[in-house]
Structure formats: structure tokens, C-alpha cells
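The residues making up each chain are set out below.
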Amino acid sequence: MSSAPSTSDGLFDEFLEDRGHETEIVRWERSYNKKQCPECGGLHEESASECRVCGWDPYA
Ligand SMILES: [Zn+2]
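Before going into details, it helps to say that this report is about the structure given with it. (Residues numbered from 1 in each chain as written. Predicted model: local features only at pLDDT ≥ 70, side-chain atom pairs only at ≥ 80, totals over all residues. Heavy atoms only, no water.)

Outside of glycine, negative phi angles account for most residues, and trans bonds account for most peptide bonds. Phi at Y32 takes a positive value of approximately 50°, unusual for a residue other than glycine. Looking at where Y32 falls in the secondary structure, it is placed in the loop between β1 (29-31) and β2 (34-36). Phi is positive for N33, which is not a glycine, with a value near 65°. Among the structural elements, N33 can be located in the loop between β1 and β2. (Helix = DSSP H or I, 4+ residues; strand = E, 2+ residues; numbered from the N terminus.)

Encoded structure:
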């Protein structure tokens, strides 16, 4: 077995892509200096930790 640098780079890219899809973190959207729920689009103050409209939680 020989390890060609080009093949390793390709595998590494695939690895990053797979990890990206699995560990994707959903965060608050931003709209007019307020937090916006990515699920329902509800606007909340900066202090909001979860959506009071649909109950979405960025840490769930
Ligand atoms: Zn919501």
C-alpha cells in the first residue's frame, strides 16, 4: 500500500463534508438587531434563549 498525497487530500475533504452535515449547528437568524427564529421567523430580544412562538431551542 502506498499513500499518495493527492488521495489523502481527497479523503480529508470528504471527511470534512460528512462531519459538516452531521454536526451542523442551527443558530438564531438576525433581523433588525433582534434574534429571529429559523423555524417560524418569530422575532425575540437578545436575552431570549428559546423561541416563545414555536418553542425552538438552539441548544436542543
Ligand atoms: Zn420559532
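Moving on: the coordination of the zinc ion. At the metal site, the zinc ion is ligated by C37 (SG), C40 (SG), C51 (SG) and C54 (SG), and these contacts range over 2.3 to 2.4 Å. One way to put it: the 4 donor atoms around the zinc ion meet at angles of 106 to 116°, and that makes the site tetrahedral. Read in sequence order, the donor residues coordinating the zinc ion give the pattern C-x2-C-x10-C-x2-C. Taken together, the residues span a long stretch of sequence, with C37 in the loop between β2 and β3 (43-44) and C51 in the segment after β3 at a distance of 14 residues. C37 gets classed as buried once you look at its relative accessible area, which sits at 2%. (Donors = N, O, S within 2.8 Å, 3.2 Å for Na, K, Ca; no water. Tetrahedral: all angles 85-135°; square planar, octahedral: opposite > 155°, others 65-115°. Buried < 20%, exposed > 50% of the residue type's maximum accessible area, 1.4 Å probe, protein only.)

Read across the open sheet, the 3 strands follow the order β1-β2-β3; overall the sheet is antiparallel. The sheet terminates laterally at β1 and β3, the two strands that pair on one side only. Across 2 bridges, the pairing between β2 and β3 is antiparallel. Paired with K35 across the strands is H44, a residue of β3. (Pairing = 2+ DSSP bridges.)

On to the side chain of S31, then. Tracing the backbone shows S31 in strand β1. Residue class for S31 comes out buried when judged on its relative accessible area of 15%. Apart from residues no more than four positions distant in its own chain, S31 is found in contact with Q36 and L43. (Contact = heavy atoms within 4.5 Å.)

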